[in-house]
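# Architecture and fold: a report
Spelled out, the chains give:
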Amino acid sequence: DNFSLSSFNFVSINKPIIPKKEIQILSKECQSILESEVFIDVDSVKLGVMISLQTGLRIGEICALSWDDIDFQNDIIHIRHTVSRVRCDEKDVSTHLIIDTPKTEASVRDVPLPSVIKPYLSEKYHKRISNYVVSDKPGFISPRTFEYRYHKLLQKCNIPSINYHALRHTFATRCVEVGMDTNGRKNRTGDVMEDIVESYLIKAGLVKGKTYFKEMYKSDVEKKFKTDGDLYMRCAFAVRVRKRVEI
């Protein structure tokens with residue numbers, strides 16, 4: 001009954017390499033077309049798209065955003081919740097949606113309320129029928145429903161279908177293009193993974209590899225990239241940050 005591991009022949013197994021999905025972003029032309037559309041006859045969907053393009057919020061964060069999270073006096077948006085799908089014990093229903101805490105500690109954050117969207121938020125606030133910013137009913141809207149309406153908006157603009165998360169990547173990439181430093185981007189988007197931030201840099205054509213990325217500091221960024229005043233103000237650093245995570 002006694003046996004030894006040495007009596008077994010072990011075969012070396014190589015773990016398959018799964019290629020990383022390429023980050024999708026809107027081209028500047030498509031972004032311009034979409035922005036032109038969302039600022040006309042603003043409804044709940046256009047308002048949500050507007051916010052994501054200007055702040056980089058995830059779709060779950062957009063759907064969970066309440067009016068209590070909008071600080072009009074100090075021009076701050078508080079990111080404290082997200083919509084999550086969880087399992088449930090009911091017989092006929094396997095999952096349901098809840099208002100949950102964000103995916104990571106860094107995702108709990110405060111971001112500046114861009115001046116360009118503040119008037120539209122203010123108008124919607126005074127005509128609100130829900131406690132949720134992008135909902136057209138008393139409760140929150142599901143991310144699936146909101147994304148469906150977002151794709152209808154893309155069709156109206158004749159923009160090729162691209163997932164909603166691409167708005168977040170687009171925002172982060174535009175921040176890189178105007179020279180925002182690493183912590184500024186992370187504070188706005190809530191990303192803490194080095195590979196994610198690096199991907200934005202590479203996608204924007206501003207760095208070529210990880211070695212260069214690790215050696216690039218804020219002062220180097222400021223010297224290397226010129227900034228456009230108007231766009232840079234839209235991508236300003238977080239006014240208040242609850243969690244700051246260094247790379």
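What you see as residue numbers is a count from 1 along each chain, following the sequence as written. Residue-level local features of this predicted model are given only where pLDDT is at least 70; pairs of side-chain atoms are given and counted only at 80 or more, and the full residue set underlies all totals for whole chains, interfaces and linings. Side-chain figures throughout are based on the complete set of non-hydrogen atoms in the structure, without hydrogens or water.

## A closer look at the state of the cysteines
- A pair of cysteine sulfur atoms is labelled a disulfide when the two atoms are within 2.5 Å. Taken as a whole and judged by the stated rule, the model has zero disulfides.
- With no disulfide of its own, Cys157 lies closest to Cys30 among cysteine sulfurs, the gap being 9.4 Å.

## Digging into unusual backbone geometry
- One non-glycine residue, Asp41, adopts positive backbone phi at about 45°.
- Although it is not a glycine, Asn158 sits at a positive phi angle of roughly 60°.

## Points about the sheet that holds strand 1 (residues 70-71)
- The criterion for strand pairing is that DSSP finds at least two bridges linking the strands in question. Secondary structure is summarised from DSSP: a helix means a run of H or I of at least four residues, a strand means a run of E of at least two, and numbering begins at the N terminus for each. Taken in spatial order, the three strands make up an open sheet running 1-2-5, and their pairing is antiparallel. Across the chains shown, the open sheet's two edge strands, defined by having one partner strand only, are strand 1 and strand 5 (109-112).
- As defined by bridge partners, strand 2 (residues 76-79) adjoins strand 5 across four bridges and the pair is classed as antiparallel. Each residue of the ladder has a partner; that of Ile79, found in strand 5, is Arg109.

## Focus on the side chain of Gln31
- Relative to the helices and strands, Gln31 resides in helix 1 (residues 28-38).
- The criterion used for residue contact is that any of the two residues' heavy atoms lie within 4.5 Å. With near-sequence residues (within four places) excluded, Gln31 lies in contact with Leu26, Leu53, Thr170 and Arg174.

## Thoughts on the confidence of the model for the protein
- Confidence of the predictor at the level of single residues is captured by pLDDT, which takes values from 0 to 100. On average, residues of the protein carry a pLDDT of 75, and 62% of them reach 70 or more.
- Below pLDDT 50 for its whole length, residues 188-197 participates in 40 contacts with residues either more than four positions away or in separate chains.
- Note on residues 207-247: pLDDT is under 50 here. Beyond four places in sequence and across chains, it has 77 contacts.

## A closer look at the pattern of salt bridges
- Salt bridges are defined by distance alone: a side-chain nitrogen of Lys or Arg within 4 Å of a carboxyl oxygen of Asp or Glu. One pass over the full model with this rule turns up eight salt bridges.
- For Asp75, the salt bridge goes to Lys118, with nearest N and O atoms at 2.7 Å. Placement of the pair is Asp75 in the loop between strand 1 and strand 2 and Lys118 in helix 4 (residues 118-126), with a sequence separation of 43 residues.
- Only protein chains enter the accessibility calculation, which uses a 1.4 Å probe; a residue is then buried when its area is under 20% of its type maximum, exposed when over 50%, and partly exposed in between. Accessibility expressed as a relative area gives 29% for Asp75, which makes it partly exposed.
- Overall, Lys118 belongs to the partly exposed group, its relative accessible area being 27%.
- Across the salt bridge formed by Asp110 and Arg80, the nearest N and O atoms sit 2.8 Å from each other. Here the residue Asp110 occupies a position in strand 5, and Arg80 occupies one in the loop between strand 2 and strand 3 (82-87), the gap between them amounting to 30 residues.

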